[in-house]
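Fold and geometry: a report
Here is how the chains run, residue by residue.
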Amino acid sequence: DQVGVNITRRFLLEWLSFLCRYVPVGMLEVVPQQMNQRPPNNLCGRSDLETLMLSPDCQDWIRISEMLLGPIPDGFAFEPKHK
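1. Focus on a nonpolar patch on the surface
Together, Phe11, Trp15, Phe18 and Leu19 give the surface a local cluster of nonpolar side chains, amounting to about 440 Å² of exposed area. Within the secondary structure, tryptophan 15 sits in helix α1 (residues 2-19).

Structure follows, in structure tokens:
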């Protein structure tokens with residue numbers, strides 16, 4: 001049903017908002033590491049999907065959810081909790 005899909009979509013988008021802050025392992029190999037180190041903004045993934053997952057833009061996360069769960073319902077809005 002649509003209610004379950006919407007709950008799953010919201011959970012997926014919150015999860016993606018947390019995962020976009022993930023620091024790739026290759027950056028941790030550089031010494032010294034810094035506490036607030038982030039990947040560069042122009043980082044390109046190995047595929048289009050990986051590039052979307054690296055993006056800090058919530059519209060890209062919505063595109064990922066549309067790939068997995070179908071089109072978003074009318075009036076759907078998402079504001080990430082983690083900034």
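Back to the write-up after that little detour.
2. Overview of the pattern of salt bridges
The final tally for this structure, using the stated rule, is one salt bridge. Aspartate 60 serves as the salt-bridge partner of arginine 63, at 3.6 Å between the closest nitrogen and oxygen. Taken as a pair, arginine 63 and aspartate 60 lie in helix α4 (residues 58-69) at a separation of three residues, close to a single helical turn. Given the relative accessible area of 43%, arginine 63 is considered partly exposed.

Reading guide: rules and limits
- Residues numbered from 1 in each chain as written.
- Predicted model: local features only at pLDDT ≥ 70, side-chain atom pairs only at ≥ 80, totals over all residues.
- Heavy atoms only, no water.
- Patch = residues over 30% accessible without salt bridge, like charges linked within 9 Å, V, L, I, M, F, W, Y side chains within 5 Å.
- Areas by Shrake-Rupley, 256 points an atom, 1.4 Å probe, with all protein chains shown as cover.
- Salt bridge = Lys/Arg side-chain N within 4 Å of Asp/Glu carboxyl O.
- Helix = DSSP H or I, 4+ residues; strand = E, 2+ residues; numbered from the N terminus.
- Buried < 20%, exposed > 50% of the residue type's maximum accessible area, 1.4 Å probe, protein only.

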